Amino acid sequence: GAVVSQHPSRVICKSGTSVKIECRSLDFQATTMFWYRQFPKQSLMLMATSNEGSKATYEQGVEKDKFLINHASLTLSTLTVTSAHPEDSSFYICSAGGGTGINEQYFGPGTRLTVT
Amino acid sequence: KQEVTQIPAALSVPEGENLVLNCSFTDSAIYNLQWFRQDPGKGLTSLLLIQSSQREQTSGRLNASLDKSSGRSTLYIAASQPGDSATYLCATNTDKLIFGTGTRLQVFP
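Values in this document were obtained by computation on a predicted structure and should not be read as measured data. (Residues numbered from 1 in each chain as written. Chains lettered and ligands numbered in written order. Predicted model: local features only at pLDDT ≥ 70, side-chain atom pairs only at ≥ 80, totals over all residues. Heavy atoms only, no water.)

Draft legend 1. A look at the interface of chain B and chain A. On the side of chain A, 19 residues touch chain B, which itself brings 19 residues to the contact. Taken over both partners, the interface formed by chain B and chain A buries close to 1,400 Å², and the fraction arising from carbon and sulfur atoms is 54%. Residue Glu59(A) is joined to Lys96(B) by a salt bridge in which the shortest nitrogen-to-oxygen separation is 2.6 Å. For the side of chain B that touches chain A, the secondary-structure elements that each account for two or more residues are strand S4 (32-38), strand S5 (44-51), strand S9 (86-93) and strand S10 (97-99) of chain B. At four residues, the largest contribution of residues to the side of chain B that touches chain A is made by S4(B). (Contact = heavy atoms within 4.5 Å. Buried area = accessible area lost by both parts, 1.4 Å probe. Salt bridge = Lys/Arg side-chain N within 4 Å of Asp/Glu carboxyl O. Helix = DSSP H or I, 4+ residues; strand = E, 2+ residues; numbered from the N terminus.)

In structure tokens, the structure reads:
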């Protein structure tokens, strides 16, 4: 149980285009989903917290207009990187929890984004 | 602001050794602490979760302890194997997960 999937697993896009990454909880309902970014040889950094049916909460320094998050259902959250640039190239990982952040989070396999 | 540090940053050992990975955090007001494993280019695998009221958790050859008052957790790996080679991350949960810097472990035959 508690499986989280991400799609795509790997994407290459040209600078200036937008890319959408999906995060799905397959066997449970996730009222809260989290989006992280991981640069090479660095740890995970929380970008935003996504709550079903409401606006996402972004961490300091993360541009909400650049990283659009939609949590339209209890099993799906999407992250759209708009007008991507090479510096947005990173490993994006989502996690899902059954309630507030104090509950255990289950992580997706990650999406490798390369912007050329 | 919570800061999580892991020592050592990298570790290379022959198989069979018992290992201790360290994690320290500055804010002791945590709900729980998790240890994860990450293989290169992959997502996270949860290893152990210790609630704030617990002192330790065990799973197979892994044992994690938590001393909340001193802001420390350790992950003990018994009889290490080459398959244990990965990056190990600890994360504290204060309504959101704050990850440590990671320990890159290599176990050679």
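Next comes the rest of the description.
Draft legend 2. Highlighting the environment of Val107(B). Residue and element names in this part refer to chain B. Following the sequence through the fold, valine 107 ends up in strand S11 (residues 103-108). Given the relative accessible area of 4%, valine 107 is considered buried. Residues valine 107 and serine 52, 55 residues apart in the sequence, show an inter-C-alpha distance of 31 Å. Among all residues touching valine 107, those that are not within four sequence positions of it are Val13, Pro14, Glu15, Ser80, Gln81, Pro82, Asp84 and Ser85. (Buried < 20%, exposed > 50% of the residue type's maximum accessible area, 1.4 Å probe, protein only.)

Draft legend 3. Looking closely at unusual backbone geometry. The peptide bond linking His7(A) to Pro8(A) adopts the cis configuration, its omega dihedral lying at 0°. Looking along the chain, the bond that leaves Ile7(B) and enters Pro8(B) is cis, with omega of 0°. Mapped onto the secondary structure, Pro8(B) falls in the loop between strand S1 (4-7) and strand S2 (10-14). In this structure, Ser83(A) is a non-glycine residue whose phi angle is positive, near 45°. According to the relative accessible area criterion, Ser83(A) is partly exposed, its value standing at 35%.

Draft legend 4. Representation of the state of the cysteines. Using the criterion set out here, one finds two disulfides over all chains in the structure. A disulfide bridge connects Cys23(A) with Cys94(A), and the sulfur atoms are separated by 2.0 Å. Here the disulfide of Cys23(A) and Cys94(A) is right-handed, its torsion about the S-S bond being about 80°. Pair noted here: Cys23(A) is in strand S3 (residues 19-25) and Cys94(A) is in strand S9 (residues 90-97), with a separation of 71 residues, a long-range link. Residue Cys94(A) is classed as buried on the basis of its relative accessible area, which comes to 0%. The disulfide bridge from Cys23(B) ends at Cys90(B), spanning 2.0 Å between sulfur atoms. Note on the Cys23(B) and Cys90(B) pair: the S-S dihedral is about 75°, so by sign convention the disulfide is right-handed. Here the residue Cys23(B) occupies a position in strand S3 (residues 19-25), and Cys90(B) occupies one in strand S9, the gap between them amounting to 67 residues. As far as the burial class goes, Cys23(B) and Cys90(B) line up, both buried. (Disulfide = S-S within 2.5 Å.)

Draft legend 5. Summary view of the nonpolar core. By size, the foremost hydrophobic cluster in this structure holds 24 residues, and its most contacted members are Trp35(A), Phe67(A), Leu79(A), Tyr92(A) and Leu113(A). Broken down by secondary-structure element, the contributors of at least two residues to this core are strand S2 (10-13), S3, strand S4 (32-38), strand S5 (44-51), strand S7 (67-73), strand S8 (76-81), S9 and strand S11 (111-115) of chain A. Counting residues in hydrophobic clusters, the runner-up holds 21 residues, among them Leu21(B), Leu33(B), Ile77(B) and Cys90(B). (Core = buried A, V, L, I, M, F, W, Y, C linked by side-chain atoms within 4.5 Å.)

Draft legend 6. A look at the side chain of Gln38(B). Mapped onto the fold, Gln38(B) is located in strand S4. For Gln38(B), a relative accessible area of 8% puts it in the buried group. Polar side-chain contacts of Gln38(B) include one of 2.9 Å to the side chain of Gln38(A). When neighbours within four sequence positions are excluded, Gln38(B) is seen to be in contact with Gln38(A), Leu44(A), Phe91(A), Ile93(A), Gly43(B), Leu44(B), Ala86(B), Thr87(B) and Leu89(B). (Polar contact = N/O pair within 3.5 Å; in protein donor to acceptor, adjacent residues only side chain to side chain.)

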